[in-house]
Amino acid sequence: MLLNVMRENNTQLHQGERERDRLPPISNNSTSGTDRGPKLPYPSLSFISNHKKEAGSHGLSSQFILPGIRHGRDLPPICPDVRQKHQHRITIDILPPEVRARFASDPVIPLRTKTAKEFQEDIEKATASGDWKHVHDFYLTTFDSFLELNAAFKKEANAPFNTIEDSGINTKFINAVYDTLLLTPPDTQRAVLKGIINSLLREWKGRRTKDDLRAYFILVQNPQCTSPATYVIYAHLLRQIAALAEADHYFLMHWFKKLSQKRFKQLVERLHLFISTRLFPAKPEELPPMAKCSWWIPSATKVLSLLNAANSISCTPIMPFVDFYNLTLDHTDFMEDYRTWQTQGNFTRFTFCQFPFILSTVVKKAIIQKDSEQQMISMARQSLVDKVSRRQRVDMSLLFLNIKVRRPQLVSDSLDELARNRADLKKKLKVTFVGEAGLDMGGLTKEWFLLLIRQIFHTDYGMFTFFKDSHCHWFSSWKCDNYSEFRLVGALMGLAVYNSITLDIRFPPCVYKKLLTPPVVPCDPDTPVGMATLTLDDLQQVMPDLAHGLAELLSYEGNVEEDFCTTFQVSQEELGVMKSYNLKPGGDKIPVTNQNRKEYVQLYIDFLLNKSIYRQFAAFYYGFHSVCASDALMLLRPEEVEILVCGSPNLDMNTLQKAAQYEGYSKADPTIRAFWDVVLAFPLELQKKLLHFSTGSDRVPVGGMADLNFKISKIDASTDWLPISHTCFNQICLPPYKNKKELKQKLTIAISNAEGFGLE
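Residues numbered from 1 in each chain as written. Predicted model: local features only at pLDDT ≥ 70, side-chain atom pairs only at ≥ 80, totals over all residues. Heavy atoms only, no water.

K.L.:
Just to check I follow, could you spell out the UniProt feature "active site" (unreviewed entry) in the chain for this structure?
P.N.:
Per the UniProt record, the feature "active site" (unreviewed entry) sits at Cys-728. Examined against the element boundaries, Cys-728 turns out to sit in the loop between β9 (724-726) and β10 (731-734). Not counting chain neighbours up to four residues away, the residues in contact with Cys-728 comprise Gly-443, Lys-446 and Glu-447. (UniProt positions renumbered as here; feature names shortened; annotations may be inferred. Helix = DSSP H or I, 4+ residues; strand = E, 2+ residues; numbered from the N terminus. Contact = heavy atoms within 4.5 Å.)

Right, here's the structure in full:
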C-alpha cells in the first residue's frame, strides 16, 4: 500500500514539475503575507493557487509567476512580456538594492490559529459523532509540506527562532497531534504518510533554513514509523536528516536535548527497532532487498548518534548510556565490522565501530578478547618458529605466560615474573604456586589475582590511600625512584581483562577516564599520558569533603580574599611530612580572589588528580596498555573499562538462580529451595555480601550472572557449621540445614563476617 502511495506521489511530482511554468501568478496586493514565491521544496502550495493575475500588468511592481527555481539566489522571471524580451534569467545580483531588499531569504509561513485545546475538542467531537472529516482535513493540510508543518506547530509563524535553546515548536501541540494520530481512521493515517512523501520528494539544492530543520524535527517524532510498512518513508526521512550539514546537526542535537524523557526514549527505541528489523526482518518480503537499501542502517545510525550526543551534553543524562546499545548487534559478525574499521578507518565504508555507543559491552569485550587471542596466537607461533629454526626442543609451555610465585613473596615474585616475561604478556596466563601440586584450570589464576589485589591495595603497603567517605582507593602521592609496582597493578588490570577475571578494585570513575587519555599509547615517549580534563564532580567521587569546600568557595558571596586568606599554594601530606606546592609560578604570593577563584579551583583539581600523581599514574597507564594495546580500546567509554575490569554493580539474583549449578543437591532439595527463598528476600546489601563471599567480588561480569558459573555444593558436615566458599571457583558449600530459619541465620553470619579484599 505504502509503496503504491510512493509511486503515485512520484508521478504527481514529475507532473507538477512539468506544470510549474503554468502556475497562476501571485497578486502583488495580497495582504496575507504570501506575495513571494516559495523555495524549491514547496512548488505547489495550496494557498498560492488562490491568487489571480490581473491582465495587462507589467513592470517590477506587477505580479510574478512561479517558475521552477533551481538555485536559492535565482529570482522568478518577471511577467511573460518581460520574459519574452529578456531570454536570460534576472538574478538578485543584477537587481538594484531597493528591489533586492523586497525578497526575504525564507518563504513566508501561512498563518494557522488552531491550538492544542481546540484540536482536542475536535477529536472529542469526532469520537462522539463518528465524523472525522474536520480532523482529517487538519492532518491533510498540516502534513502537506514543510511550510504547513511550521504553520501548524511553530509558536509564532514568521518569527526566526534561530537559537539552539528554543526550537520554536509548540511541543504540547505536537504531542497531542501524534498521540491521536494512531487512533484516527486509516484514510487519515494514509493521508499523513502521503503528505510526508510529497514533502520528502521535493528536493532542494540550496541551504536548509531553520524552518526545514523544524520540519525534520517534527517528522522524526511520527509514531507511525514503528511499523515496517512505513519503513521506506522513514528511511528516506532519516537519510535526509543524516545528510544535513554539521551546523544543522548541531541545532537538532540541542533541540533533541529539550525533549521529555518519554519522547526522547521513544525516538531511540524507534531507531533501534528500525535497525534491528532491517538486519533481521521477521518477514523479509515486507522490506526491499538489502542490496537496494544498504543506506538504511547507516542513515539510522547517524541519526541515532545525534540523540546520543544530545544525551551526552545534557546536564543530567536523559537516559543511561547502556540504553543506546543495540543488542541485536551481539548476533552479527562484529569482528568483520571491527577488521573493516581497523583497515579502512572512519571515512570510506560504514561500520558500527565508527559509532561505538551502539555496541554493547558484551560485543566490545568479545572484540578485545578475540583481538587479544589473535595477538596471543601470533606471539605463540613466533616462539615456536624461533625454537624450530634453532632446532631446539619445542616445549608447549611456550604457548603460555607462565607465572611461578611463592606465597610469602607474592608481590616481589609477581613483579619479577611479569618483568621477565614482558614479551609474553599477551599469551594465555597460567599460574603456579611454588611447592604446591595442581594444574591451573582457572582457579589458581583467579586466586593469584585475588591475593595480589588484597596485598597491593592494603593501606599498610602504602601504594594506595583508601578514602572512607568515598569508599575508594587513590594513588599515594609520595615520590620515589622506582614506580614499577604501579606498572604491575596496571598490567594486572590488563591481564584481568584479557583473561576474563573480575577484580575487586575500588577505583573512582576518573581513573578510567585517565586510562583512556589517550586510548592508544602515543609514539612519542615524551607525550603526557593520563592528563584528563577533570572537574569538581570528579573530585567529589574521590575526596567529597574537599570538593564540597571548593564548591562553597565558588559560591561564596562575600570577599574571598579577605575572608579565606588563601593563595595559589597548596599543602599535602606525604609519608607523614607536609609539603607545599605552587599551583602556578609564584603561587604563594598570588591571593585567591572573587575574580580568580575559578582558576584556583581548576588548578587545584588538576594538581590533586593529575600532576601530584603523574609518575605513579604514568607507570600504571603503561602497565595496563602493555597488555591491552588494542585499537578496540578506542571503542570504550570510561564506564565500560570499569565494567570490564571490575564487573557491573547491577545484580539480578533471579538470573543467578536460573544459571546456578548443583553438586550433591538438586533444584528440588529443601535446602536449595530454602536457600533461594532466603537470598531473593535479602536486601541488596546482603545480596552483594553473598556474591562477594562466593566469588571474591560483589560485582557481575560483563556477560551477566549466567557467566559466573555459580555452584552450590553439599558438604556432609554438622548443621552447626557455617557455609564455606571457594572464591576461586565461585562455589558455596552448604550443610543440609534443617529449616529456612537456621539456614538464614548461618548464611547471614557467614557473609557478614567474611574478609573483604582491599577494603578496611
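What follows picks up the thread again.
K.L.:
Is there a simple way to think about the pairing of strand β2 (residues 428-433) in this case?
P.N.:
Along any regular strand, the residues point their side chains to alternate faces of the sheet. Covered by surrounding structure in β2 are Leu-429, Val-431 and Phe-433 only, the residues Lys-428, Lys-430 and Thr-432 on the alternate face being uncovered. Inspection of the sheet shows strand β1 (residues 400-405) paired to β2 by six bridges, in the parallel sense. Its bridge partner lying in β2, Val-405 is registered against Phe-433. Each parallel crossover has a hand, and for β1 linked through helix α16 (residues 410-420) to β2 it is right-handed. (Buried < 20%, exposed > 50% of the residue type's maximum accessible area, 1.4 Å probe, protein only. Pairing = 2+ DSSP bridges. Right-handed = clockwise from strand over helix to strand, strands pointing away.)

K.L.:
In this structure, what is going on with the environment of Val-232? I would like to understand it.
P.N.:
Mapped onto the elements, Val-232 comes out in helix α10 (residues 231-242). The spacing of Val-232 and Pro-288 is 56 residues in sequence and 8.3 Å in space, taken between C-alpha atoms.

K.L.:
Which parts of the structure should I look at to understand the pattern of salt bridges?
P.N.:
As a working rule, side chains carrying opposite charge can pair if their charged atoms are close by. As enumerated under the stated definition, the model contains 24 salt bridges in all. Put simply, Glu-663 and Lys-711 hold a salt bridge, and the shortest N to O gap is 4.0 Å. In this pair, Glu-663 sits in strand β7 (residues 661-663) while Lys-711 sits in strand β8 (residues 711-714), placing the two residues 48 residues apart along the sequence. Judged by relative accessible area, which is 42%, Glu-663 ranks as partly exposed. With a relative accessible area of 24%, Lys-711 lands in the partly exposed category. Taken together, the shared-partner salt bridges in this structure form one network comprising Lys-154, Asp-211 and Arg-214. (Salt bridge = Lys/Arg side-chain N within 4 Å of Asp/Glu carboxyl O.)

K.L.:
Where do I start with the pairing of β10 in this structure?
P.N.:
Of the two faces of β10, the one holding Gln-731 and Cys-733 and the one holding Ile-732 and Leu-734 are both buried throughout. Two strands pair when backbone bridges link them, and β8 and β10 are joined in this way by four bridges, in the parallel orientation. In the sheet register, Ser-713 faces β10, and the bridge partner there is Cys-733. Where β9 lies against β10, three bridges are found, and the strand directions are antiparallel. Looking at β10, one finds that Ile-724 is bridged to Cys-733. The antiparallel pairing of β9 with β10 creates a hairpin that spans four residues between the two strands, and Asn-730 there sits at a positive phi of about 50 degrees.

K.L.:
I tried to follow the nonpolar core on my own but got confused; where do I start?
P.N.:
Nonpolar side chains tend to gather and get buried jointly when the protein is soluble and globular. Within the largest apolar cluster, 168 residues are counted, with the highest numbers of intra-cluster contacts made by Phe-256 and Trp-448. When residues of this core are assigned to their parent elements, the largest contribution, 10 residues, is made by helix α18 (residues 484-498). Once you skip the residues sitting within four places of it in the chain, Trp-448 turns out to touch Ile-403, Val-405, Leu-410, Ser-414, Leu-429, Val-431, Phe-433, Leu-492 and Leu-495. (Core = buried A, V, L, I, M, F, W, Y, C linked by side-chain atoms within 4.5 Å.)

K.L.:
Explanation requested: the packing of aromatic side chains in the structure shown.
P.N.:
Two aromatic rings are characterised by how far apart their centres lie and by the angle between their planes. Summed over all chains, the structure comprises 46 aromatic pairs. Between Tyr-231 and Phe-274, the ring centres sit 4.9 Å apart and the planes meet at 75 degrees, which makes this aromatic pair edge-to-face. Taken together, the residues span a long stretch of sequence, with Tyr-231 in helix α10 and Phe-274 in helix α12 (residues 261-279) at a distance of 43 residues. Taken as a pair, Tyr-231 and Phe-274 share a single burial class, namely buried. Each residue in the set Phe-457, Phe-464, Trp-474, Phe-475, Trp-478, Tyr-483, Phe-486, Phe-507, Phe-617 and Phe-620 is aromatic and connected to the rest through ring pairs, giving one cluster. The aromatic ring of Phe-617 is capped on one face by Lys-514, whose charged end is 4.5 Å from the ring centroid. Lying across the ring of Phe-568, Lys-584 places its NZ or CZ 5.1 Å from the centre. (Phe/Tyr/Trp six-rings, centres within 6.5 Å; stacked < 30°, edge-to-face > 60°. Lys NZ or Arg CZ within 6 Å of the ring centre and 35° of its normal.)

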